[in-house]
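Topology and contacts: notes
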Amino acid sequence: MTPSSVEAGARALAAGELVLMPTETVYGLAADASNPIAVARIFEAKGRPRFNPLIAHVEDLDAAERVAVFGDKARRLAEAFWPGPLTLVLPVRDPQRVCDLARAGLSTVAVRVPGHAKARELIGRFGGAVVAPSANRSGRPSPTTFADAMDETGFAVAAALDGNHCAVGIESTVVSVNDGEVRLLRPGAVTRQDLEAVVGPLAEAGDDAKRSPGRLALHYAPDAPVRLEADGAGEGEAYLAFGAGSASPFNLSPSGDLREAAANLFRLLREADRTKPAAIAVAPIPREGLGEAINDRLKRAAGYVG
Ligand code: TXA
Ligand code: MG
């Protein structure tokens, strides 16, 4: 594929397609953060066996404040390091702008303003938040050149922006700011010393950080117990169906489409949970393609995996 224009990239995002987006850290595989089907395409293209929460890329601090809730320390960090390789994990403000699947159902959202002019142009032209994990296939190194990014996930995109070599070359630093406590979740180009110069000593990172990136212990868990591989609802249970032939109001995909099931997963888990059922019984989900990540997520919801 020859490199696309920023306009073509913005149109592709608006159409729910994927776009290769250069950033100053690594190339990202970008999608409209508010569109769960587009976000499901990201996981499909990466071949990710899990739904990890993604970073929402926005144009500036104003746009970030529409997505997340900023306290004093978060704002100081943003003012010190944006645009640049720092990601802030904050309470979500508007859960529609960055959909449930993009947040893996969490009530927090990761947000950053990239330091690459082309990325900001793309986001500005598109006009919304853009989620983008590194553009590699799962388990492979993050691409830092246009050619490498094309090799990894070029097959899945409708547009690809050439932004030359990524100046930083490693992923952004990820910190959470919660009740005024700043925690380092993933080290990156913005160092602990850089952060402490702005907000003072960081809090102990705790278990979640040790598992980041990727293997986050924190995840959305429904209040109701979850029963997997169920052919129907038992007494008092809500049924999360998959495929045709169920009267349940909670159907992950009446047509049996895994992309649609991924897009609906967190929303329907929540909706089923809100009916305060004795348990949420879940239909068997095929294991191929996106089914692997869906099943992983369901196992976590059922308490089988930390
Ligand atoms: O430099 C980067 O950050 C690149 C470019 C493309 O921007 N993106 C990137 O995305 O590295 P990804 O998906 O590979 O890594 C996102 C990291 C993961 O470690 C994830 O666990 C963490 O951010 N993260 C996202 N949302 C989170 C949340 N709500 N709570 C805790 N960690 C979160
Ligand atoms: Mg990555």
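Residues numbered from 1 in each chain as written. Chains lettered and ligands numbered in written order. Predicted model: local features only at pLDDT ≥ 70, side-chain atom pairs only at ≥ 80, totals over all residues. Heavy atoms only, no water.

Focus: the pattern of salt bridges
A full pass over the atoms with the stated rule returns 14 salt bridges. Taking the shortest distance from any N to any O, the salt bridge between Arg97 and Asp94 comes out at 3.2 Å. Take Asp94: its relative accessible area is 21%, and that puts it in the partly exposed class. The residue Glu181 makes a salt bridge to Arg183 at a minimum N-O spacing of 3.9 Å. We classify Arg183 as partly exposed; its relative accessible area is 24%. What emerges from the salt-bridge pattern is a single network uniting Asp100, Arg103 and Arg270. (Salt bridge = Lys/Arg side-chain N within 4 Å of Asp/Glu carboxyl O. Buried < 20%, exposed > 50% of the residue type's maximum accessible area, 1.4 Å probe, protein only.)

Some remarks on the site of ligand 1
Residues in contact with ligand 1 amount to 26 residues; listed here are only the nearest, Thr25, His57, Thr108, Arg112 and Ser172. Side-chain polar atom of Ser134 to an oxygen atom of ligand 1: 3.5 Å apart, as the coordinates give it. A distance of 3.0 Å separates an oxygen atom of ligand 1 from a polar atom in the side chain of Arg186. Sorting the residues of the shell around ligand 1 by element identifies β3 (55–57), β5 (108–112) and β9 (181–186) as the ones contributing at least two each. (Near = heavy atom within 4 Å. Polar contact = N/O pair within 3.5 Å; in protein donor to acceptor, adjacent residues only side chain to side chain. Helix = DSSP H or I, 4+ residues; strand = E, 2+ residues; numbered from the N terminus.)

Looking at the pairing of strand β11 (residues 238–241)
With burial as the criterion, each face of β11 is covered, one bearing Ala238 and Leu240 and the other bearing Tyr239 and Ala241. Bridging between β11 and strand β13 (residues 280–282) involves 3 bridges; their strand directions are parallel. Of the residues in β13, the one forming a bridge with Leu240 is Val282. Pairing of β11 with strand β12 (residues 250–251), which is carried by 2 bridges, proceeds in the parallel orientation. Within the sheet, the bridge partner assigned to Ala241 lies in β12 and is Asn251. (Pairing = 2+ DSSP bridges.)

Focus on the nonpolar core
Ranked by size, the top nonpolar core spans 86 residues in total, and within it Phe51, Phe70, Leu77, Trp82 and Leu88 carry the most contacts. The greatest single-element share of this core, amounting to 8 residues, is contributed by helix α9 (residues 258–274). Counting 15 residues, the second-largest nonpolar core is a separate cluster that includes Ala119, Ile123, Phe126 and Val130. (Core = buried A, V, L, I, M, F, W, Y, C linked by side-chain atoms within 4.5 Å.)

Some points on the sheet that holds strand β10 (residues 226–227)
Reading across the sheet, the 4 strands line up as β10-β13-β11-β12 and stay open at both edges, with parallel pairing between neighbours. Looking at the sheet topology across the chains shown, the edges are occupied by β10 and β12. Note: β10 against β13, 2 bridges, orientation parallel. Note on β13: the bridge partner recorded for Arg227 is Ala281.

Points about the environment of Ala14
The residue Ala14 is located in helix α1 (residues 6–14) in this model. When its relative accessible area of 57% is taken as the criterion, Ala14 is described as exposed. As for Ala14 and Gly234, which are separated by 220 residues in sequence, their C-alpha atoms are 42 Å apart.

Quick word on the environment of Val190
Here Val190 shows up in the loop between β9 and α7 (192–199). Separated by 35 residues in sequence, Val190 and Phe155 have C-alpha atoms that sit 32 Å apart.

Quick word on the packing of helix α2 (residues 36–46) against α9
Relative placement of two packed helices is described by the angle separating their axes and the distance separating the axes. In the contact formed by α2 and α9, the axes pass within 8 Å of each other and the chain directions differ by 115 degrees. In this structure, α2 meets α9 at a crossing whose hand is right-handed. Residues Pro36, Ile37, Ala40, Arg41 and Glu44 of α2 pack against Arg259, Glu260, Ala262 and Ala263 of α9. Across the contact of α2 with α9, the residue classes tally to 5 nonpolar, no polar and 4 charged. (Axes fitted to C-alpha atoms, helices over the stretch in contact; angles between N-to-C directions. Left-handed = near helix turned anticlockwise from the far one by under 90°. Contact = heavy atoms within 4.5 Å. Nonpolar A, V, L, I, M, F, W, Y, C, P; charged D, E, K, R; others polar.)

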